[in-house]
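# Fold and contact review
Chain by chain, the residues run as shown.
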Number of protein chains: 2
Amino acid sequence: MKTKILLALCIAAVSATAFAEMKPEDKITYRQSGFTFMRWNMGMIKDRVIDNPQNYDKEKVVAAANLIAATANSGIETLFSPDTEKGKGWKDTRVKSEFFKQPDEVKKRVTDFNREANELAKVASDGDIASIKSQFDKLQKTCKACHDDFRTKD
Amino acid sequence: MKTKILLALCIAAVSATAFAEMKPEDKITYRQSGFTFMRWNMGMIKDRVIDNPQNYDKEKVVAAANLIAATANSGIETLFSPDTEKGKGWKDTRVKSEFFKQPDEVKKRVTDFNREANELAKVASDGDIASIKSQFDKLQKTCKACHDDFRTKD
């Protein structure tokens, strides 16, 4: 019985390791994917609210805003562990070394981004185009602030 | 004035085209990214509910389930247009040609997947581990069904 319990604990420990101790290239792949799919959803809102409001479709805009908020809330920032400073996911990482030297500033930026993303999901569900437009702008500013300071240029 | 209106209409048309008439490789990149980031979130639930329930963390499981549901609801299936049957996003597409020949069956599978993903978000928010486990299993079956029939092996 003791052996069985020990074995179960070992299996649990190994499994925990499998997810928690992910390879740096896998973490980079996942975060690049998360941000890329979020960009498609940002594009959806830009298309239907900013560029072509005549094509406004509440259901699509709400779905896109929910995806953006869910990505912000997913803990995607935990994929930026120190072992991922350099490396390649499905493309070379563009994160600057400054990112890893300013954890407090990064934390602040993540908080800003999450707050604005959750607010966008809220206003999208309310359905007032002017508010969605203004909140989308606020969200984009938090994206840009981080890109300007912590991401290398293309 | 007429010229101005015409110009505005042209700009709107061009912008609409930019998002709607995306290049096949961009569509493939976006869908690969969406499914990949969703996999990370599936892994989070597997880790904290199935493999290591002693590490169950309601907030993290809810966040992961919301991301999965938001991806399902995002319209990711629209990224599988006929022009994306072959091609490369950030890796070669693995979708089989059968996928494009059976639109009704695909639609059914998408409906199944979305229903189970939304139900997972619901039970995750209720917080009963046994229900999350059973619903996660149901969701995985809808993933597997599609992969088995419509995706080439690794």
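Just above, that's the structure.
Everything numeric in this text was worked out from a predicted model, so none of it was measured. Position numbers for residues start from 1 in each chain and track the written sequence from start to end. Chain A is the first chain written and ligand 1 is the first ligand written, with later ones labelled in order. pLDDT decides what is reported in this predicted model: residues at 70 or higher carry local features, side-chain atom pairs at 80 or more are listed and counted, and totals for whole chains, interfaces and linings draw on all residues regardless. To obtain the side-chain values, all non-hydrogen atoms of the structure were included, while hydrogens and water were left out.

## Topic: the overall build of chain A
- Numbering goes from the N terminus for both helices and strands, where a helix is a DSSP run of H or I of at least four residues and a strand is a run of E of at least two. Check the secondary structure of chain A and you find 6 helices and 0 strands.
- Listing each helix as α and each strand as β along chain A from the N terminus yields α-α-α-α-α-α.
- Classification of residues uses two cut-offs on accessible area relative to the type maximum, computed with a 1.4 Å probe and protein chains only: under 20% is buried, over 50% is exposed, and between them is partly exposed. Taken over 154 residues, chain A has a buried fraction of 44%.
- Accessible surface, chain A as shown: approximately 8500 Å² in total, 57% of it carbon and sulfur. Reported accessibility uses the Shrake-Rupley method at a 1.4 Å probe radius. Residues are deemed covered only where the shown protein chains occlude them.

## A word on the relation of the copies chain A and chain B
- When chain A is fitted to chain B, the residual RMSD is 0.0 Å, and the transformation amounts to a turn of 180 degrees plus an axial shift of 0.0 Å. Such a turn and shift between the copies fits a two-fold axis. When C-alpha distances to the rotation axis are compared across chain A, the minimum falls at Ser33(A), with a value of 2.1 Å.
- Throughout, a contact is declared for two residues whenever any of their heavy atoms are within 4.5 Å. The share of interface residues of chain A whose copies in chain B are also at the interface is 97%, consistent with both copies meeting through the same surface. Least squares is the method used to superpose the copies, on C-alpha atoms of residues holding a pLDDT of at least 70 in both.

## As for the packing of aromatic side chains
- Note on ring pairs: Phe, Tyr and Trp rings are taken, using the six-membered ring of Trp, and paired if centres are within 6.5 Å. Classes follow the plane angle, with under 30 degrees stacked, over 60 edge-to-face and the rest tilted. Here the structure, examined in full by the defined rule, presents 11 aromatic pairs over all chains.
- Ring centres 5.2 Å apart and planes at 70 degrees place the aromatic pair Phe99(B) and Phe100(B) in the edge-to-face group.
- Residue classification places Phe99(B) among the buried positions, given a relative accessible area of 12%.
- For Phe100(B), a relative accessible area of 21% translates into the label partly exposed.
- Members of the aromatic cluster, each reached through a chain of ring pairs, are Phe35(A), Phe80(A), Phe99(A), Phe100(A) and Phe150(A).
- Two limits define a charge over a ring: the Lys NZ or Arg CZ must be within 6 Å of the ring centre, and within 35 degrees of the ring normal. The ring of Phe80(A) has Arg31(A) sitting right over it, with the charged end atom 4.1 Å from the ring centre.

## Quick word on helix α6 (residues 129–150) of chain B
Residue and element names in this part refer to chain B.
- Expected span of a helix, by definition, is 1.5 Å for each gap between consecutive residues, and there is one gap fewer than residues. Its 22 residues place the ends of α6 31 Å apart at the C-alpha level, agreeing with the 32 Å of an ideal helix rising 1.5 Å per residue.
- What α6 keeps buried is the set Ile132, Gln135, Phe136, Leu139, Thr142, Cys143 and Phe150. Viewed along the axis of α6, the buried residues span an arc of 115 degrees, placing them on a single side of the element. With respect to the buried face of α6, the exposed residues turned more than 90 degrees away are Ala130, Lys141 and Lys144.
- Contacts from the buried residues of α6 go to α2 (24–51), α3 (58–73), α4 (98–101) and α5 (103–126). Directions pointing from the helix axis toward each C-beta atom define the arc.

## A look at the packing of helix α2 (residues 24–51) of chain A against α2(B)
- One can describe the packing of α2(A) onto α2(B) by two numbers: an axis separation of 7 Å at closest approach and a directional angle of 125 degrees. On the basis of their axis angle, the class for α2(A) and α2(B) is oblique. The chirality of how α2(A) crosses α2(B) is left-handed. Contact residues: α2(A) offers Thr29(A), Tyr30(A), Ser33(A), Gly34(A), Thr36(A), Phe37(A), Arg39(A) and Trp40(A), while α2(B) offers Thr29(B), Tyr30(B), Ser33(B), Gly34(B), Thr36(B), Phe37(B), Arg39(B) and Trp40(B).
- Each residue is assigned to one of three groups, with Ala, Val, Leu, Ile, Met, Phe, Trp, Tyr, Cys and Pro labelled nonpolar, Asp, Glu, Lys and Arg labelled charged, and all others, Gly among them, labelled polar. When its residues are assigned to classes, the contact of α2(A) with α2(B) shows 6 nonpolar, 8 polar and 2 charged. In this analysis, axes come from line fits to C-alpha atoms, helices being fitted only over the stretch in contact, and the angle between any two N-to-C directions falls in the range 0 to 180 degrees. Angle categories: roughly parallel below 35 degrees, roughly antiparallel above 145, roughly perpendicular from 65 to 115, and oblique for all the rest. In this scheme, a crossing is called left-handed if the near helix is turned counterclockwise away from the far one by less than a right angle; it is called right-handed if the turn is clockwise.

## Re the nonpolar core
- Only buried Ala, Val, Leu, Ile, Met, Phe, Trp, Tyr and Cys residues count toward a nonpolar core, and they belong to the same one when joined by side-chain atoms within 4.5 Å. Counting 58 residues, the largest nonpolar core has Ile45(A), Leu120(A), Ile45(B) and Leu120(B) as the members making the most contacts within it.
- At the level of elements, α2, α3 (58–73), α5 (103–126) and α6 (129–150) of chain A together with α2, α3, α5 and α6 of chain B are the ones that each hand at least two residues to this core.
- Once residues lying within four places of it in the same chain are set aside, the contact partners of Ile45(A) are Ile50(A), Val61(A), Ala64(A), Ala65(A), Ile68(A), Leu120(A), Ile132(A) and Phe136(A).
- Phe80(A), Phe99(A), Val110(A) and Phe150(A) belong to the second-largest nonpolar core, a separate cluster that totals 6 residues.

## Concerning a positive patch on the surface
- A cluster of basic residues, Arg39(A), Lys91(A), Arg151(A) and Lys153(A), forms a positive patch on the protein surface.
- By relative accessible area, Lys91(A) is classed as partly exposed at 32%. Patch membership needs two things, relative accessible area over 30% and no salt bridge, and members are linked within 9 Å if like-charged or within 5 Å if nonpolar (Val, Leu, Ile, Met, Phe, Trp, Tyr). A side-chain nitrogen of Lys or Arg and a carboxyl oxygen of Asp or Glu constitute a salt bridge if their distance falls within 4 Å. Neither His nor the chain ends is counted toward charge; the positive residues are Lys and Arg and the negative residues Asp and Glu. We put the charge of a Lys on NZ, of an Arg on CZ, of an Asp on CG and of a Glu on CD.

## A word on the environment of Val95(B)
Residues and elements named next belong to chain B.
- Position of Val95 among the secondary structure elements: in the loop between α3 and α4.
- Residue classification places Val95 among the buried positions, given a relative accessible area of 13%.
- Between the C-alpha atoms of Val95 and Glu21, which are 74 residues apart in sequence, the distance is 21 Å.
- If near-sequence neighbours (up to four positions away) are discounted, Val95 is found in contact with Arg31, Phe80, Thr84, Glu85, Phe100 and Phe150.

## What about the interface of chain A and chain B?
- Between chain A and chain B, the residue contacts involve 34 residues of the former and 33 residues of the latter.
- The term buried area denotes the loss of accessible surface (1.4 Å probe radius) that occurs when two parts are joined, taken as the sum for both partners. Both faces combined, the contact of chain A with chain B buries some 2600 Å², and carbon together with sulfur accounts for 72% of it.
- The largest share of the area that chain A buries against chain B comes from Phe19(A), Tyr30(A) and Trp40(A), three residues that together contribute 28% of it.
- Counting across the chain A and chain B interface gives 0 salt bridges.
- Here a polar contact is recorded for every N or O atom pair within 3.5 Å, except that within protein the pair must consist of a potential hydrogen donor and a potential acceptor, and residues adjacent in sequence are included only if both atoms are side-chain atoms. Our enumeration of links across chain A and chain B arrives at 2 residue pairs in polar contact (both at pLDDT 80 or more).
- With 13 residues, the top contributor of residues to the side of chain A that touches chain B is α2(A).
- Split into classes, the residues belonging to the side of chain A that touches chain B amount to 15 nonpolar, 16 polar and 3 charged.

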